[in-house]
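# Remarks on the overall topology
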Amino acid sequence: MATEGALLSATGITRRFGGITAVDGVDLHVREGEFLSVIGPNGAGKTTLFNLISGQDRMDAGRVTLEGRDITNLTPHRIAENGIARTFQHGRVFGNLTVMDNVLIGCHTRLRAARSRVPVLAPVIEILRALIRPAPVRAEDAAMRAEARDIIATFGDRLTPRIDQPTYSLSYANRRRVEIARALALHPRILILDEPTAGMNESETAEMQQIIGDLKAQGRTILLIEHKLNMVMQLSDRIMAMDNGKVIAEGTPAQVRNDPRVIEAYLGHSSIGGTAPAAKSLTEGAQ
Amino acid sequence: MESLLSLPWFDFTISGVVIGSIYALMAVGLALIFGVANLINFAHGSVFTVGSYIGWTCAVALGLPLWATVLVVAAAGGIVGALIELLAIRPLNHQSRIAPLLATIGVGLILDQIVHIIFGANPRALPVSLPNLRFSIGSGTIGAIDITIFVTGVISALALYLFLFHSKLGMAVRATAQDGDAARQMGVGINAINMTVFGIAGALGAIAGLLVGIYYNSIDPNASFEIMLKGMVAIVIGGMSNVPGAIGGGLILGLIESYGIALFGASYRDLFAFAVLLLMLLLRPNGLFARAHAREAEPMTGTFVTRAKPVRIPAWALVAGAVLIALVPALGQPYLTQVMTNALLYALAAMSLTLVAGTLGLISIGHAALLAVGAYASALLTMAGLPVALGLVLAAAITAVLGAALTYPAFRLRGHYVAIGTLAIGEIVALVILNWTSLTHGSMGLYGIPPLELFGIPLFSTNASYWFVLALVIVFALLQMRLLSSHLGRTWRAIREDTIAAETYGVASNYYKGLAFGFAGFVAGISGAVSAHQFSYINYDTFNLLTSVLILTIVILGGLGNVTGAIVAAIIVAGLPEVFRTLAEYRMLFYGMALLLLIRFRPQGLMGSD
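Since this is a predicted model, take the numbers as computed values, not measurements. (Residues numbered from 1 in each chain as written. Chains lettered and ligands numbered in written order. Predicted model: local features only at pLDDT ≥ 70, side-chain atom pairs only at ≥ 80, totals over all residues.)

## What to know about the overall build of chain A
Across its full length, chain A holds 11 helices and 10 strands. Relative to the 2.2 N^0.38 estimate, which gives 19 Å for 287 residues, the radius of gyration of chain A is 20 Å and therefore close to what a compact globule would have. Across its three principal directions, the C-alpha atoms of chain A cover 65 × 40 × 35 Å. Taking all 287 residues of chain A together, the buried fraction comes to 45%. Across chain A, contacts joining residues at least 24 apart in sequence account for 65% of those joining residues at least 6 apart. (Helix = DSSP H or I, 4+ residues; strand = E, 2+ residues; numbered from the N terminus. Rg over C-alpha atoms; globule rule 2.2 N^0.38 Å. Buried ≥ 20, exposed ≤ 12 C-beta atoms within 10 Å, placed from the backbone. Contact = placed C-beta atoms within 7 Å.)

## Regarding the sheet that holds strand β9 (residues 238-243) of chain A
Residue and element names in this part refer to chain A. Read from one edge of the open sheet, 6 strands run β6-β7-β8-β3-β9-β10, paired in mixed fashion. Across the chains shown, the open sheet's two edge strands, defined by having one partner strand only, are β6 (84-86) and β10 (246-251). Sheet twist, expressed as the mean angle between neighbouring strand axes with direction ignored, is 20°. In this structure, β9 lies alongside β10, joined through 5 bridges in antiparallel fashion. Residue pairing for β10: A241 is matched across the bridge by A249. (Pairing = 2+ DSSP bridges. Axes fitted to C-alpha atoms, helices over the stretch in contact; angles between N-to-C directions.)

## Quick word on the interface of chain B and chain A
Taken together, the contact pairs 27 residues of chain B with 31 residues of chain A. Those elements that place two or more of their residues in the side of chain B that touches chain A are α19 (462-484), α20 (487-497), α21 (499-504) and α22 (509-535) of chain B.

## Comments concerning helix α6 (residues 144-166) of chain B
Between its first and last C-alpha atoms α6 of chain B spans 32 Å; for 23 residues at 1.5 Å apiece the expected length is 33 Å, and the two agree. Within the span of α6 of chain B, buried status applies to I145, D146, I149, G153, S156 and L160 of chain B. (Expected span 1.5 Å × (residues − 1).)

## Side note on the domain arrangement of chain B
Residues and elements named next belong to chain B. Per the domain assignment, the segments making up chain B are domain 1 (2-283) and domain 2 (315-601). Computed over C-alpha atoms, the centres of domain 1 and domain 2 are 33 Å apart. Every contact between the two is made by 29 residues of domain 1 and, on the other side, 27 residues of domain 2. Elements that contribute at least two residues to the side of domain 1 that touches domain 2 include exactly α5 (98-119), α10 (224-238) and α12 (269-283). Broken down by element, the side of domain 1 that touches domain 2 gets its largest block of residues, 12 residues, from α5. Looking at the side of domain 1 that touches domain 2, its residues break down into 23 nonpolar, 3 polar and 3 charged. (Domains from an automatic or database assignment. Nonpolar A, V, L, I, M, F, W, Y, C, P; charged D, E, K, R; others polar.)

## Digging into the sheet that holds strand β5 (residues 69-70) of chain A
Residues and elements named next belong to chain A. Judged by pairing direction, the sheet is antiparallel, and its 4 strands sit side by side in the order β2-β1-β4-β5 without closing on themselves. In this open sheet, the two edge strands, each paired with only one partner strand, are β2 (20-31) and β5. As defined by bridge partners, strand β4 (residues 61-66) adjoins β5 across 2 bridges and the pair is classed as antiparallel. Looking across to β5, one finds that L66 is bridged to R69.

## Quick word on the packing of helix α3 (residues 44-61) of chain B against helix α9 (residues 190-216) of chain B
Working note: a packed helix pair is described by the angle between its axes plus the distance between those axes. Residues and elements named next belong to chain B. In the contact formed by α3 and α9, the axes pass within 7 Å of each other and the chain directions differ by 55°. By the angle between their axes, α3 is oblique relative to α9. The interaxial crossing formed by α3 with α9 has right-handed handedness. Each of H44, V47, F48, T49, V50, G51, S52, I54, G55 and W56 in α3 lies in contact with α9, whose residues at this interface are A201, G202, G205, A206, I207, A208, G209, L210, V212 and G213. Here the contact of α3 with α9 is built from residues that sort into 11 nonpolar, 9 polar and no charged. (Parallel < 35°, antiparallel > 145°, perpendicular 65-115°, else oblique. Left-handed = near helix turned anticlockwise from the far one by under 90°.)

## Points about the pairing of strand β1 (residues 6-17) of chain A
Residues and elements named next belong to chain A. Taken together, the 8 bridges between β1 and β2 define a ladder with antiparallel strand orientation. Within β2, the residue paired with I13 across the bridge is V26. The pairing of β1 with β4 spans 5 bridges and is classified as antiparallel. Paired with T14 across the two strands is A61, which belongs to β4.

## Some words on unusual backbone geometry
The phi torsion of most residues other than glycine is negative, and most of the peptide bonds are trans. Residue and element names in this part refer to chain A. The phi dihedral of N244 falls on the positive side, at around 50°, and the residue is not glycine. Along the chain, the position of N244 falls in the loop between β9 and β10. Looking at N244, the number of C-beta atoms within 10 Å reads 17, which means it is partly exposed.

As structure tokens, then:
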């Protein structure tokens, strides 16, 4: 696809660990409002690729731009300020913080109380604002809380009744929901979801798929890593398949599903490691 | 250049290798323990001291020959090591990973105090008759003692090698170090392995204690901390759990020190070790011999904060408590009032530490350095003629800035590395105070610090200074609670829970760590400054490692992050031993036991972590 007009453009992304090239010259472009999924067997380099884009890891070569701005190898918090929000494969909520506080951390990049531009004195001003809390700071806090409540309410009655409970007391599925709520609070230009249904049962998966579908319907730009290919096929505008750190196929769900290289990537691995569940679900997804 | 070349480099090399082999003996034990139990054993220096005194008992009091002394010392050290594992470490198996580290600090205090009680606080001679041989080689000489130490080191290393690589138990130790869970699944008894490793480490550490005693013909009950640090520096150089690396690290450190002393003088000896430590942590946290390019992320920040809700005390009870505390002088017992003043100064320091260790999750073992900075700043400013009120405020501000700047190198560290890093930073501050004679009068300390007064109103009566300190505690406690309820409190806790996730959501974690250390530095600086005006005399050792450990004990007792908890615990920990005079003699024992029991039975503290 054409590079121009892309919201997020990553070109030639490469990451080596010792002698292994985990991500090998990958290009990835996402248009505004597009839903792009990345699939591939375990160890294909999907999460590493996302880590590089969102700044958790540093790439050895390549370039990432967001709306034309170079964000290559910026620190994670700078990348967040640029409008990329991501969730983590294993769910990383702040266990001892309440649901509300978790979501409020998502608002951090927009918090004016934390955004003093005065040189040298900025730290002092931030502490004084937190101590004195003038009217604008209180108003901002109230507005953020109201918004956080609205975001939390999008998950029905899953989170709202538990809004003041610490997240360690929540079920696994609820913690994943908190993560997504936190990501939405950032007002992301692009939302990166790393296996949002990992470890969820069928009904939870269906519910999560519904939520992600709603996010898509809102016109959000979404990048998804997911093993549940049914879900990928139904949600994605476009799919990118990776294996051994390289892109092996790219296109619409229909194109990728029938691509012999994709099928081989799954089945080829299965000939080494016994039956591959992913290959099975790939064929199921095609039915 | 001529004069540099004419130095006896050969002799410096020999003494570097000899001291280095002792560091290596210490380091091997630390590395084994780190490998198997994932723990930095802060009690290891105390095992060294115990070894040197058992050596004295055998060689001097009982008159045993050297070979028998070495054997007894090794056996006794092994037993002490194994007991540490059995009594202090094993019960903490299911606790957070920072818990055993804190427990070893407690064990170290207890062992040191026991040695103090039995043998007294003064160094003793340890004369051992060795053949008075000296070999001349070129321009230098090697003595029998040098050879004895080096050979003992080599034999120990060989024995260890044979054990690790040619015995079944040794194989189990290596397997456990590589993957504890997998080893357990294969039927390796982890407890037995841990005990074995602590035993071996104890034996080696005790032998090191004996050898150092023989080398200098002197043993010192206060040597524990310094030698433990040297071993720790050696394993940081060698790569934490890397046993051959630990030997290399010990030798390298010995040589660096020996050459450094040759070039700069002996008073800088420890500074080299700490500078090397800090550089290693910053530049090569995996050690010199590691090939890996990135350290595994240790998700350890804040894990000691348990999932327990803090005890919420109603406002009326807090007010009533404050009023009761304010009425202490009405009891008409000046000594009690003084003790309480001191306890409240500790409360300020503990509030400061509980912010960074509890709320932010960076367990600092060098917090006394901030008190020292505040004390010296205010003392020097007011001795130069500034009014005390201005001195206090400026000292607090200086400590805030320095506190954030000095601890900055520790911000990128996690878990156990934070403990080592802050310890090193704290010691470096003490050494700079000791060696910057033109400013600090070095080991002489500062005399005649002006007494407390505010704008001409004297505050140096017992009651006035008590109420002044109490007012400070109340004001800063309220300020800190207000910060905790703001976006800053939320952000600090998020960093503690998961720094990477917080960064991913736009939190510049280093900046917020700096803010926390800035505020904490301000409070600690006030505490140190007021102490200086109260004592009227301070030196580099007024606020030492024991102070740091004491503050940490207070913070854990109060509940990490809990402001009211810190105040209550300060009154208990700093006040009780003074009120019961008999306890005062055994203060370290009391603190050590308190720390150990707390971590074992109430890790969330009295008031719950917040």
